[in-house]
Amino acid sequence: MLLEVTDVKKTYRDRQGQAVPALQGVSLGVAKGEFVAISGGSGCGKTTLMNVLGCLDSADAGSYRFEAEDVGSWPERKRAELRNRRIGFVFQSFHLLPFLTVRENIELPFLYSHQAERRSAAKIDELLASVGLEGMAGRYPTELSGGQQQRVAIARALVMGADLILADEPTGNLDAAMAQGVLDVFAELVRQGKTVVLVTHDPAIAARAYRRIQMEKGRIVSDIKERKEALV
Ligand SMILES: Nc1ncnc2c1ncn2[C@@H]1O[C@H](COP(=O)(O)OP(=O)(O)OP(=O)(O)O)[C@@H](O)[C@H]1O
Ligand SMILES: [Mg+2]
């Protein structure tokens, strides 16, 4: 297993101090190379679960193991290191900086990581090719379609060497055709051995994953693994 959460619980408090249960005992194992789609109604805990899986947030109860290490109990500094090296995040909004070129946007995590060297131009070009954006390194985000901007965000998520991609509604701002194009990129990454977990409310997007998980009220209510291979 790449990652394994066991009986994870998380309760938020609202402004009145009322308990808002977000995760009510979630257990889930994801193997390396899996392509998982998580769906479920608004407020059922999808983002909360992704935040736990991504070490952005910790659970109140239960355990989180990443490659058998009990990362749930790690101090924040160590968790941040794991997050930076192994996990790439993709969100509904692309969060690209408009005054930076495509190349500079992709390099950003490198700058944030205080590494003196820059990612070599060849490495960035290779990443751009892998997301279908050959030759676009010098463009600015405003010169790209939404689908292309999301591909830049995926390349940025990969630049530190992440092998787990967590994508929360990555196609929420895209039309159907651009959404399918972004899914082509995820399918290709899975084919290369990366692990992709994405949240979507769109059945046509979930259908592209080969494992589909349904959540309701902070719990997993179904978990269907249909194919060994992703549909490319
Ligand atoms: N920071 C927070 N403070 C208080 N309550 C929160 C917080 N974040 C989430 N919640 C609550 O926890 C529950 C789960 O939220 P979560 O964001 O995980 O849902 P979701 O499945 O991602 O929903 P959506 O599809 O709308 O994005 C909801 O009831 C939400 O209101
Ligand atoms: Mg959400």
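Everything discussed here concerns the structure shown above.
Since the model is a prediction, treat every value here as computed from it, not as a measurement.

Draft legend 1. How the structure looks around the overall build of the protein chain. Helices and strands together make up the secondary structure of the protein chain, namely seven helices and nine strands. In terms of overall dimensions, the protein chain is globule-like: its C-alpha atoms have a radius of gyration of 18 Å, near the 17 Å expected for 232 residues. Its C-alpha atoms give the protein chain principal-axis dimensions of about 50 × 40 × 40 Å. Counting all 232 residues of the protein chain, 48% fall into the buried class. Taken as a whole, the protein chain presents about 11200 Å² of accessible surface, with 49% of it coming from carbon and sulfur. One way to put it: in the protein chain the 30 positive side-chain charges average out to a point 3 Å from where the 29 negative ones average out.

Draft legend 2. The arrangement of the site of ligand 1 in detail. In the vicinity of ligand 1, the contacting residues are Tyr12, Arg13, Val20, Ala22, Gly41, Ser42, Gly43, Cys44, Gly45, Lys46, Thr47 and Thr48. Cys44 is positioned such that a nitrogen or oxygen atom in its backbone is 3.2 Å from an oxygen atom of ligand 1. Take Thr48: an N or O atom from its side chain is 2.5 Å from an oxygen atom of ligand 1. Where the shell around ligand 1 is concerned, the elements lending two or more residues are strand S1 (3–13), strand S2 (19–30) and helix H1 (46–53). A class-by-class count of the residues in the shell around ligand 1 yields four nonpolar, six polar and two charged.

What counts, and where the lines are drawn
Residues numbered from 1 in each chain as written. Chains lettered and ligands numbered in written order. Predicted model: local features only at pLDDT ≥ 70, side-chain atom pairs only at ≥ 80, totals over all residues. Heavy atoms only, no water. Helix = DSSP H or I, 4+ residues; strand = E, 2+ residues; numbered from the N terminus. Rg over C-alpha atoms; globule rule 2.2 N^0.38 Å. Buried < 20%, exposed > 50% of the residue type's maximum accessible area, 1.4 Å probe, protein only. Areas by Shrake-Rupley, 256 points an atom, 1.4 Å probe, with all protein chains shown as cover. Lys, Arg positive; Asp, Glu negative; His and termini not counted. Charge placed at Lys NZ, Arg CZ, Asp CG, Glu CD. Near = heavy atom within 4 Å. Polar contact = N/O pair within 3.5 Å; in protein donor to acceptor, adjacent residues only side chain to side chain. Nonpolar A, V, L, I, M, F, W, Y, C, P; charged D, E, K, R; others polar.

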